[in-house]
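Chains, contacts and geometry: an overview
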Amino acid sequence: MSLTLETERLRLRPIADSEVDTLHAILTDSFVRKYLCDDQIFSRQQVEEMLAESQRAFAEERWGLWLIEVKAEPTPIGFVGLWNFFEEPQPQLAYALLPGATGQGYATEAATRILTYAFDELGYGYLVASCDKPNLASQNVAERIGMKRVEERTENGKPIVFFRIERSMGEDGSEG
């Protein structure tokens, strides 16, 4: 089974070992790290460890981090995926876009594809996403893909908003 996923405009592919510098560049971009990384600059070693964890998760559980590329121009514009945060029982939806890729619906499109993958391929019954309370753009993405705000709490001194979506039930009562 291929772990490369596609949408109308995007290709999502697991991040390869050789792309640690690409992931590091995304995670250390000031726009991205403002909310995603609590404005901390990750070292290359930390990103290598994150990439190793993503690859382990793909190998064992079929989830991790995918680079986002626009099909028409296959240069990474960010990443999307499932990742463990806040000791939740299953990984959460996560994404980051470089500033030049925002405002074009790419985050919504990529997040929707991961949502479908989590429900249809991984069999999840629900999916959670969280973001810093001031990150209105991420809150808007969560709402656009049908997630509902379910909780707000403080983690590490920062207000975090949690969203959740349940796998929908088909008309015949089956999950789908």
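Refer to the structure presented above.
Below: a short report on this structure. Everything numeric in this text was worked out from a predicted model, so none of it was measured.

Quick word on the overall build of the protein
Across its full length, the protein carries five helices and eight strands. Helices and strands appear in the protein in the N-to-C order β-β-α-α-α-β-β-β-α-β-α-β-β. The C-alpha atoms of the protein give a radius of gyration of 16 Å, which matches the 16 Å a tight globule of 176 residues would have. By principal-axis analysis of the C-alpha atoms, the protein measures approximately 50 × 40 × 30 Å. Per-residue burial for the protein yields a buried fraction of 44% across its 176 residues. Considering only intrachain contacts with a sequence separation of at least 6, the fraction spanning at least 24 residues in the protein is 57%. Carbon together with sulfur atoms contributes 48% to the accessible area of the protein, which is approximately 9000 Å² in total. Averaged over its 18 positive side-chain charges, the protein has a centre that lies 4 Å from the centre of its 29 negative ones.

What to know about helix 5 (residues 136-144)
Turning to helix 5, its buried residues number three or more, namely Ser138, Gln139, Val141 and Ala142. Projected down its long axis, helix 5 carries its buried residues within an arc of 160°, all on one side. For helix 5, exposure combined with an orientation more than 90 degrees from the buried face picks out Leu136 and Arg144. Structurally, helix 5 contributes buried residues whose contacts are with strand 5 (92-97), helix 4 (106-120), strand 6 (126-132), strand 7 (148-155) and strand 8 (158-166). One or two residues past the end of helix 5 sits glycine 146, with phi positive at roughly 95°.

What counts as what
- Residues numbered from 1 in each chain as written.
- Predicted model: local features only at pLDDT ≥ 70, side-chain atom pairs only at ≥ 80, totals over all residues.
- Heavy atoms only, no water.
- Helix = DSSP H or I, 4+ residues; strand = E, 2+ residues; numbered from the N terminus.
- Rg over C-alpha atoms; globule rule 2.2 N^0.38 Å.
- Buried < 20%, exposed > 50% of the residue type's maximum accessible area, 1.4 Å probe, protein only.
- Contact = heavy atoms within 4.5 Å.
- Areas by Shrake-Rupley, 256 points an atom, 1.4 Å probe, with all protein chains shown as cover.
- Lys, Arg positive; Asp, Glu negative; His and termini not counted.
- Charge placed at Lys NZ, Arg CZ, Asp CG, Glu CD.
- Arc of directions from axis to C-beta.

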